[in-house]
Amino acid sequence: MNQPMEIQSQEDEISLKDLIKMIHSWFGILWKNIITLVLVGLLGGAVGFYFAFSHKPVYKAESKFIIKEGGSSGLAGSLGSLGSLLGTGGGSSIDRTVAVIGSEKIIGKVLLTNWSVNGRENLIINHYILLEELFEKWKKDTTLVKAKFSLQDTVPALFNYSQRKAYKAVMSALIGEKGIVGKSFDKKTGIISMEVTFKNEDFAIELNELIYSELKNFIRDQASETASMNSAVLTKKVDSIQAELNGVRRQLARKTDQSMGLLLNEDKVDLKSLAIKEQILLTMYGEAQKNLETVLFMGQSASNATNITLLDRPFSPIKPTSKSKILYSVAGFILASFFAFGFILIRRWYKNLMAS
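Residues numbered from 1 in each chain as written. Predicted model: local features only at pLDDT ≥ 70, side-chain atom pairs only at ≥ 80, totals over all residues. Heavy atoms only, no water.

Engineer: How do you make sense of the sheet that holds strand β4 (residues 181-185) when you look at a structure like this?
Structural biologist: In any sheet, the strands associate via hydrogen bonds between backbone groups, in a parallel or an antiparallel arrangement. Reading across from one edge, β4-β5-β1-β6 is the order of the four strands in this open sheet, with antiparallel pairing throughout. The open sheet is flanked by β4 and β6 (308-312), the only strands paired with a single partner. On average, each strand axis in the sheet is inclined to that of its neighbour by 25°, with strand direction left out of account. For β4 and strand β5 (residues 191-198), the ladder comprises five bridges, and the chain directions are antiparallel. Within β5, the position partnered with V181 by the bridge is V196. (Pairing = 2+ DSSP bridges. Helix = DSSP H or I, 4+ residues; strand = E, 2+ residues; numbered from the N terminus. Axes fitted to C-alpha atoms, helices over the stretch in contact; angles between N-to-C directions.)

As structure tokens, this is what we get:
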């Protein structure tokens with residue numbers, strides 16, 4: 001009964017011995033080729049050091065702001081209209097604001113904004129193209145290399161094909177998966193953070209401030225537009241109720257005149273019904289008028305204030321961030337040594353296999 005268990009124990013012991021022997025042989029190979037591995041590792045470390053050294057430092061321009069939920073002006077509630085604009089009806093005003101930051105509505109407007117550097121005005125998109133030396137990278141693309149933007153080119157719908165392609169390429173570089181514009185928010189505090197990471201400090205700061213300014217204007221305009229639309233709807237409703245009320249009053253006066261003081265039971269029923277209808281319409285008219293005045297007040301408030309408050313803004317000097325030369329050198333040394341050792345093991349295994 002115990003024989004199978006003994007055989008299994010022997011097999012386990014043999015396999016463990018083989019494993020120990022294999023590890024021991026690895027150490028032997030490692031020690032035998034230590035000089036080669038060190039030299040390859042130093043070469044990998046040099047490559048890592050060069051990569052970190054040649055990588056240009058970047059500047060992270062960060063701003064923080066908060067969206068007020070509610071308030072006497074009711075502007076936060078008007079942000080609900082952003083849902084239809086973005087194709088989403090749900091979510092909080094913070095979610096929608098973060099989504100709007102990365103939209104073409106905001107970034108596209110910023111790219112076509114003038115910015116003066118050393119007394120020379122140019123569009124933001126042109127500054128980015130020059131700073132990133134994109135024309136050099138676009139040499140093989142006969143369409144992109146022809147893209148030119150003047151100060152008057154501020155309407156994307158009027159762009160030619162080359163301009164549209166370049167416009168989309170720069171847009172993707174700003175808000176794409178690896179774009180230089182990042183945004184996030186803290187669910188506990190509701191504070192929204194927006195970062196622009198770029199190799200040019202002045203450009204990073206200016207781009208961050210322009211995006212915030214455009215976002216603020218967009219929210220204000222959206223709130224004002226929403227209030228105007230609601231005002232038009234409520235004005236039409238008030239006029240409709242008033243017209244209905246005037247019609248009921250005329251009917252009531254006509255019935256009273258026809259009775260000439262002789263109030264029959266049938267006349268009393270009609271008169272009472274019209275009087276009740278008049279009271280109902282008066283109540284509806286008063287409620288609609290109150291709502292209209294509220295919306296008009298919201299529209300006036302929206303033109304003078306917004307519900308977005310800046311907490312922190314980026315300003316110079318910003319401490320640049322760069323690749324750690326030590327970290328990249330060590331990582332290059334370890335990776336190069338590891339792959340070299342793996343190559344030696346595979347070559348040894350192949351030789352033994354061919355020999356057998």
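Engineer: How do you make sense of the layout of surface pockets when you look at a structure like this?
Structural biologist: Any empty space left between the atoms is revealed when a probe the size of a water molecule rolls over them. In this structure, the second largest pocket spans a volume of roughly 250 Å³. Taken together, W115, V117, R120, E121, N122, H127, L130, L131, N200, D202 and F203 make up the lining of the second largest pocket. At the level of elements, β2 (114-117), β3 (120-123), α7 (124-131) and α10 (201-259) are the ones that each hand at least two residues to the lining of the second largest pocket. Looking at side-chain class alone, the lining of the second largest pocket contains five nonpolar, three polar and three charged residues. (1 Å grid on protein atoms, 1.4 Å probe; cavity = no way out; pocket = protein on both sides within 12 Å on 5 of 7 lines; lining within 4 Å. Points joined across faces, edges and corners; volume = space filled by probe spheres on them. Nonpolar A, V, L, I, M, F, W, Y, C, P; charged D, E, K, R; others polar.)

Engineer: Explanation requested: the packing of helix α6 (residues 104-111) against helix α9 (residues 161-175) in the structure shown.
Structural biologist: The relative placement of two packed helices is expressed as an angle between their axes plus a distance between the axes. Two elements in contact, α6 and α9, have axes separated by 11 Å at closest approach and are oriented at 115°. Relative to α9, the element α6 is oriented roughly perpendicular. Like other packed secondary-structure pairs, α6 and α9 cross with a definite hand, here right-handed. The residues of α9 that touch α6, namely those facing E104, I107, G108 and L111, are Y167, K168, V170, M171, L174 and I175. Taken together, the residues of the contact of α6 with α9 sort by class into seven nonpolar, one polar and two charged. (Parallel < 35°, antiparallel > 145°, perpendicular 65-115°, else oblique. Left-handed = near helix turned anticlockwise from the far one by under 90°. Contact = heavy atoms within 4.5 Å.)

Engineer: Just to check I follow, could you spell out a positive patch on the surface for this structure?
Structural biologist: A cluster of like positive charges, contributed by K32, R347, R348 and K351, occupies part of the molecular surface. It is helix α12 (residues 325-355) that provides the largest number of residues to the positive patch, a total of three residues. Following the sequence through the fold, K32 ends up in helix α1 (residues 3-32). (Patch = residues over 30% accessible without salt bridge, like charges linked within 9 Å, V, L, I, M, F, W, Y side chains within 5 Å. Areas by Shrake-Rupley, 256 points an atom, 1.4 Å probe, with all protein chains shown as cover. Salt bridge = Lys/Arg side-chain N within 4 Å of Asp/Glu carboxyl O. Lys, Arg positive; Asp, Glu negative; His and termini not counted. Charge placed at Lys NZ, Arg CZ, Asp CG, Glu CD.)

Engineer: Even after reading the chapter, I still don't get α7, so can you show me in this structure?
Structural biologist: Side chains that are three or four residues apart share a direction in an α-helix, a result of its 3.6 residues per turn. A large share of α7 lies buried, amounting to six of its eight residues. Regarding α7, the residues found buried are I124, I125, N126, H127, Y128 and I129. Positive backbone phi, approximately 50°, marks E133, located one or two places after α7. (Buried < 20%, exposed > 50% of the residue type's maximum accessible area, 1.4 Å probe, protein only.)

Engineer: Can you walk me through the confidence of the model for the chain in this structure?
Structural biologist: Reading fine detail from the predicted coordinates is not recommended where pLDDT is low. In the predicted model, the chain carries a mean pLDDT of 76, and 74% of its residues have values of at least 70. Note that pLDDT drops below 50 for residues 6-12; the model gives that stretch zero contacts with residues more than four away or on any other chain. In this model, residues 70-90 is a region of pLDDT below 50 whose contacts with residues beyond four sequence positions or in other chains number 39 contacts. (pLDDT = per-residue confidence, 0-100.)

Engineer: For this particular structure, what's the right way to read unusual backbone geometry?
Structural biologist: Trans is the common state for peptide bonds, and a negative phi is the common state for residues other than glycine. Here the residue pair S316 and P317 is connected by a cis peptide bond, since its omega of 0° sits within 30 degrees of zero. Even without being glycine, E133 reaches a positive phi, approximately 50°. Within the secondary structure, E133 sits in the loop between α7 and α8 (134-137).

Engineer: Just to check I follow, could you spell out the environment of Y59 for this structure?
Structural biologist: Within the fold, Y59 resides in strand β1 (residues 59-67). With 137 residues separating them in the primary sequence, Y59 and V196 have C-alpha atoms 7.9 Å apart. Setting aside residues up to four positions removed in sequence, Y59 forms contacts with V196, T197, F198, K199, N200, E201, A204, I318 and P320.

Engineer: How should I be thinking about the packing of aromatic side chains in this particular structure?
Structural biologist: Geometry of an aromatic ring pair is reported as the spacing of the ring centres plus the angle between the planes. Evaluation of the coordinates by the stated rule reveals nine aromatic pairs. Pairing Y128 with F203 gives two aromatic rings, centres 6.1 Å apart and planes at 40°, and the pair type is tilted. Linking Y128 in helix α7 with F203 in helix α10, this pair joins segments that are 75 residues apart in sequence. Comparing Y128 with F203, the two get one shared label, buried. (Phe/Tyr/Trp six-rings, centres within 6.5 Å; stacked < 30°, edge-to-face > 60°.)

Engineer: Quick question: what am I supposed to make of the pattern of salt bridges here?
Structural biologist: A side chain of one charge can pair with a side chain of the opposite charge when the charged atoms of the two come close. For the coordinates displayed, the defined rule picks out six salt bridges. Linking K139 and E136 is a salt bridge whose minimum nitrogen-to-oxygen distance equals 3.1 Å. Of the two residues, K139 and E136, neither departs from the other in class, the shared state being exposed. Between R313 and E209 there is a salt bridge, and its shortest N-O distance comes to 2.4 Å. With R313 in the loop between β6 and α12 and E209 in helix α10, this pair connects stretches of sequence that are 104 residues apart.

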